[in-house]
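Residues per chain are reported as follows:
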Amino acid sequence: MIAYNKEWLRLLYARGQYTDAYAEGYLSAEQYKTLYNGTGTGLYTPNIFIRIGMGLLTVVITVFGIALLGLLSGFDFDSIAGFLIFYALLCYGALELIVNTKRHYNSGVDNVLLFFTMILFVSGVRSGFNAHSAAGDLLASGLSVMYCSYLAYRFADAMAAAFAVLSGVVFVLFLLHLFLPTAALFPAAMLLCWAIYTWCTRLLAAASRPVYDFVLRGIALTALVLLYLSGNVYTVDVFSNELIGDAPLVTAGNTLTRAFYWAWTLAVPAVYILAGVRRKNIVLIRTGVIFLAVAVITFRAYHSLLSAEVAMILGGSLLLLTSTVLIRLLRQPQKGFTFAETPKAPAELNVEDLLTEKIITRATQ
Amino acid sequence: MDIKFFEGLADKGVLDTGTVERMKSDARPLSVRRELLILLYFGVLLLSTGLGILIYEHIDTIGHLSIVLFVAAITSTCLAYCFRKANKPSFQKVESPNVWFDYILLLGCLTLLVFVGYVQFKYQLFGTQWGLASFVPLVLLAFFAYYFDHLGVLSLAIVNLGAWMGITVNLLELSRISVFDSEPLIYSGLLMATLLLALSYFSERKDIKAHFSFSYRNFGIHIMFLSLLSGMFWYTHWYLAWALFVSLFAGYVFVNARRNASFYFLLVAVLYFYIAISTVFVRLVFDTGGILNGRGGLYLVLLYFIASATGLVVFLVNMNKKLKAHDSL
C-alpha cells in the first residue's frame, strides 16, 4: 500500500496543473485562486534550499550512523553483506517513521533515506552472493528488482522506479544468458526497453494518473536511456566483458556485429531527435541531443580520426552554426516550435502565500 | 498540461467545457529556448577551448605577436559590437538588445583577460608591477559590468578583485599562490568580503544597479566565512576566538536572512556555523586526552554528529515553517 494519502498526492498534482494552465492563459486569476485554494495538503515539502540542507544533514546522520554501528558491531569484511542489509532496513524503518509521523514528501530527508536504503540493500545482496556465479547474479538482481519496485510503489518515487528498471533489465539479461549466447542478449535488452517505454507512454496517454505520473515518466526515461545503451558499442563491450565474462562483443565480433552496433551507436540519437520533433516531445529531443554527444565520444574512444583540438573546433563551429540558424528561424514559430520563452505564472499573484496565510490564520484561531 | 485531468474536472462541473475545448484545440508551439541556448553555450565553449589548445600547440610556428594581434582583434570586435548595439546605460536594470549580445560581451571580456595576461607575461607591459596587470582588467570589467548591465561580467570582475588582492599580498610576502593558507591571505579575504558586503548594501540603499546586490552579498558572505574558517585552522592556539567570530558573523547573516525571509542565506549561515562548531567539538574531544583520547573519543564524536545533525534538521523544519509565509531566494 502506498505510504502517502492518495488524495493529497492528487491535490499536489492538481496544483501543478492549475499553475501551468494559468501560466498558459487558460484560467483567469480568479479561477486560479479558487482552484488553488482547494489544493491544501498535510504533506511537508519545504523550500528547495531547506530541502538541500536537510538532505545534506541526513547524509551526515546516515554515514556517521554506519560508522558507529560498524564500530559497535566489531565490523569485519566477512559479514559485510549482512551489515549492509541490516543498515538498509534501519534506513527503511527511519523512512517509514518520517513519512508516517511527520508526513515528509520530497523534504530532502525522505529522498536521502530512500536512496541509502536502496543502495545499501543492492550492495548488500550483490556482495552477499558469489560474484560471477550465474545463480548469484540472478538472485542479487532479482532481489534488487523486488526491493526497488516495492519502494517505488510504496513511496511513489521515480528514482526507485529507475533503479527497479535498471535492475530488471540486468536480471533479464542474466536470466537469458542461461539459455542464450551473449550475442543474443543485447537485442533482447533492446526489445525489453522498447516494450517498457511503449507501455509507459501508452499508460500516460490513456488516462490521467496523478499519483504515479512522475513514476511512470521516470520509468519511461530510464527505458529510453537503457534502450540506447543496450546498443552502444562501449557499454556492450564493457557489459559482455566485465559483467558476463566473455570477450568484448563488438571489438571481438565479426563485421556484421560491428556494423550493427556502430550503426546503433551513431544513428539512434538522430532517430530520438527526429521522433521528438515529430511528436513535439521535449524529453526525446533532449535525450537525443545528449546521446549525440555520447555517440561522438564513443566514436572518438575507438577511432581517433582528428586531433582533440580540431575535433573541438569543428564540433564547436557546428554547434554555433546550428544553434544560430535555429534561433533565427524560430523567432517566428515554425512547425510547432518556437524560440520564445515558456509562459510563467506572474509573480504578483503569489497564491501560495495567500494559502499559507489562510492555513496559519485557521491554525491560530 | 494533462488534458485528461482537465476533462475530468469539466465532467465534474468544476471547470467549464469551453476552457477544456480551448486547451485541446489550441496548438501552442513548443519552446526550445533553453535547449538552443545550451547548444550555443557549448558551441562557444568547445570552439574557444579548441582554438586555445591549437594556438598553444603551434605557438612556435604562429609566433607570439600574431597571437596577441589575433586575440586583440577578437576583443576589439566584440567590444565594438557591444558599444554599438547596447541600450542606453542606466543605474537601473537595462535589458540586452538581443540574444547574442550577452555571449559576445562575455567572449570579449574573457579574451580581454587573455590579452592582458599574455602581453604582461610575454612583453612585461606593466614591468614588474604584476598587481597592475590584474588591476587594469578589474577596472575595465567593473566598468563593462555596469555599462552593459551584465551579471556574468560582474562576477568576472569580483573574481579578478580576489586575484588582484591575493597576488598583491603574495608578492609582498614572496610566498606561493594559494587560497587562504597564510596570514595575509586570510586578512585580504576578510577585507575583500567586507568591501563586497558594503557594495551590496550601497547598491541597494542608493538604488544603483540594485539587482547586483545579490551577487556582491553572495560572494561577500562566502568569502567572509571561508576567511574566518581559514583563520580558525591557521591560528591553532586561537581557534576558539576565530570560532566565536564565525558564530557572530553566522548570527548576523542568520538574522538578516530571517528578516528578508531568505532560505538560501539562512542555510548558508547554519551550515558554516555547523562546520565551525563541529570543528571545535572534535578538537576539544581529542585535545582533552585521557579516556576520550581513543575509542571513547571516537564514539563521542560519532554520536555528536548524529545527534547534532538530527537537531539541525528539526531546527530547519521549524525555520521553514516560520519563513514560509514570505519566502524568497
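A brief structural summary. From a predicted model like this one, the values you see are computed outputs, not experimental measurements.

1. A short note on the overall build of chain A
Here comes step 1: Per the secondary structure count, chain A includes 14 helices and 1 strand.
Here comes step 2: The principal-axis extents of the C-alpha atoms in chain A amount to approximately 75 × 65 × 40 Å.
Here comes step 3: Across the 365 residues in chain A, those meeting the buried criterion constitute 42%.
Here comes step 4: In chain A, the share of contacts with a sequence separation of at least 24, taken over all contacts with a separation of at least 6, comes to 67%.
Here comes step 5: Of the roughly 18200 Å² of accessible surface on chain A, 69% is carried by carbon and sulfur atoms.
Here comes step 6: Across chain A, the centroid of the 24 positively charged side chains sits 10 Å from that of the 20 negatively charged ones.

2. Observations concerning the interface of chain A and chain B
Here comes step 1: Counting residues at the interface gives 69 residues for chain A and 64 residues for chain B.
Here comes step 2: Regarding the contact of chain A and chain B, the summed buried area is about 6100 Å², with carbon and sulfur atoms giving 75% of it.
Here comes step 3: On inspection of chain A and its partner chain B, the count reaches 1 salt bridge.
Here comes step 4: Notably, a salt bridge pairs Arg286(A) with Glu35(B), separated by 2.6 Å at the nearest N-O pair.
Here comes step 5: Secondary-structure elements contributing two or more residues to the side of chain A that touches chain B are α1 (6–23), α2 (29–37), α3 (48–72), α8 (182–206), α12 (282–302), α13 (308–329), β1 (337–338) and α14 (351–364) of chain A.
Here comes step 6: If one sorts the elements of the side of chain A that touches chain B by residue count, α3(A) sits on top with 14 residues.

3. Details of the packing of α8(A) against helix α11 (residues 255–279) of chain A
All names here are of chain A.
Here comes step 1: Interhelical geometry of α8 versus α11 gives an angle of 10° and a closest axis separation of 14 Å. Accordingly, the angle class assigned to the pair α8 and α11 is roughly parallel. Residues Ala183, Phe186, Pro187, Met190 and Tyr197 of α8 form the contact with α11, whose own contacting residues are Phe260, Tyr261, Trp264 and Arg279.
Here comes step 2: Across the contact of α8 with α11, the residue classes tally to 8 nonpolar, no polar and 1 charged.

4. What about a nonpolar patch on the surface?
Here comes step 1: Where nonpolar side chains cluster on the molecular surface, the patch consists of Leu175(A), Leu178(A), Phe179(A) and Leu180(A) and spans about 380 Å² of accessible area.
Here comes step 2: On the secondary structure map, Leu175(A) appears in helix α7 (residues 158–176).

5. Thoughts on the side chain of Gln17(A)
Here comes step 1: Among the secondary structure elements, Gln17(A) is positioned in helix α1.
Here comes step 2: Setting aside its immediate chain neighbours within four residues, Gln17(A) contacts Met1(B), Asp2(B), Phe5(B) and Phe6(B).

6. Focus on the packing of α1(A) against helix α1 (residues 3–12) of chain B
Here comes step 1: Interaxial distance between α1(A) and α1(B) falls to 11 Å at its minimum, and their mutual angle equals 100°. Taken together, α1(A) and α1(B) sit at an angle that is classed as roughly perpendicular. Side by side, α1(A) and α1(B) meet where Tyr13(A), Ala14(A), Gln17(A), Tyr18(A) and Ala21(A) of the first sit next to Phe5(B), Phe6(B) and Leu9(B) of the second.
Here comes step 2: Considering only residue class, the contact of α1(A) with α1(B) consists of 7 nonpolar, 1 polar and no charged.

7. Digging into unusual backbone geometry
Residue and element names in this part refer to chain A.
Here comes step 1: Positive phi values are uncommon outside glycine, yet asparagine 106 reaches one of about 55°.
Here comes step 2: Take asparagine 106: it is sitting in the loop between α4 (80–102) and α5 (109–128).
Here comes step 3: With phi around 55°, lysine 280 is a residue other than glycine that occupies positive phi space.
Here comes step 4: By secondary structure assignment, the location of lysine 280 is in the loop between α11 and α12.

8. Let's talk about the packing of aromatic side chains
Residues and elements named next belong to chain A.
Here comes step 1: In this structure the tally under the stated criterion is 49 aromatic pairs over all chains.
Here comes step 2: Summarising the aromatic geometry, the rings of phenylalanine 186 and phenylalanine 239 are spaced 5.9 Å apart at their centres and angled 85° between planes, so their arrangement reads as edge-to-face. Separated by 53 residues along the polypeptide, phenylalanine 186 in helix α8 and phenylalanine 239 in helix α10 (residues 233–243) bring together distant segments of the chain.
Here comes step 3: For phenylalanine 186, a relative accessible area of 3% gives the class buried.
Here comes step 4: Each residue in the set Phe174, Phe186, Phe239, Phe260, Tyr261 and Trp264 is aromatic and connected to the rest through ring pairs, giving one cluster.
Here comes step 5: A cation over an aromatic ring shows up here: arginine 154 above the ring of phenylalanine 155, its NZ or CZ 5.9 Å from the ring centre.

Calculation rules
Residues take numbers from 1 onward in each chain, read along the sequence in its written order. The lettering of chains begins at A and the numbering of ligands begins at 1, in the order of writing. Totals for whole chains, interfaces and linings use all residues, but because this is a predicted model, local features are given only for residues with pLDDT of at least 70 and pairs of side-chain atoms are given and counted only at 80 or more. Hydrogens and water are ignored here; the side-chain numbers use all heavy atoms of the structure. Under the DSSP-based scheme used, a helix requires at least four consecutive residues in state H or I and a strand at least two consecutive residues in state E, with every element numbered from the N terminus. Accessibility here uses a 1.4 Å probe with only protein chains present; expressed as a share of the type maximum, an area under 20% marks a residue as buried, one over 50% as exposed, and anything in between as partly exposed. Only heavy atoms matter for contacts: two residues are in contact if any of them lie within 4.5 Å across the pair. In this description, accessible areas are obtained by the Shrake-Rupley approach with a 1.4 Å probe, and a residue is regarded as covered only by the protein chains that are shown. When charges are tallied, Lys and Arg are placed among the positive residues and Asp and Glu among the negative ones, while His and the ends of the chain are skipped. Think of each charge as sitting on NZ of Lys, CZ of Arg, CG of Asp or CD of Glu. We define buried area as the total accessible area lost by two parts upon association, computed with a 1.4 Å probe and summed across both. Salt bridges are counted wherever a side-chain nitrogen of Lys or Arg sits within 4 Å of a carboxyl oxygen of Asp or Glu. Only the contacting stretch of a helix is used when fitting its axis, a line to C-alpha atoms as for every element, and angles between N-to-C directions run 0 to 180 degrees. In these notes the angle categories are as follows: under 35 degrees is roughly parallel, over 145 is roughly antiparallel, 65 to 115 is roughly perpendicular, and the rest is oblique. Residues are sorted three ways: Asp, Glu, Lys and Arg are charged, Ala, Val, Leu, Ile, Met, Phe, Trp, Tyr, Cys and Pro are nonpolar, and all the rest, Gly among them, are polar. To count toward a patch, a residue needs a relative accessible area above 30% and no salt bridge. Like charges then connect within 9 Å, nonpolar side chains (Val, Leu, Ile, Met, Phe, Trp, Tyr) within 5 Å. Centre distance within 6.5 Å is the pairing criterion for rings of Phe, Tyr and Trp, where only the six-membered ring of Trp is used; planes under 30 degrees apart are then read as stacked, over 60 as edge-to-face, and the remainder as tilted. Cation placement over rings: the criterion is NZ of Lys or CZ of Arg within 6 Å of the ring centroid and within 35° of the ring normal.

So, to be careful, I would describe these as geometric facts and stop short of saying anything about function.
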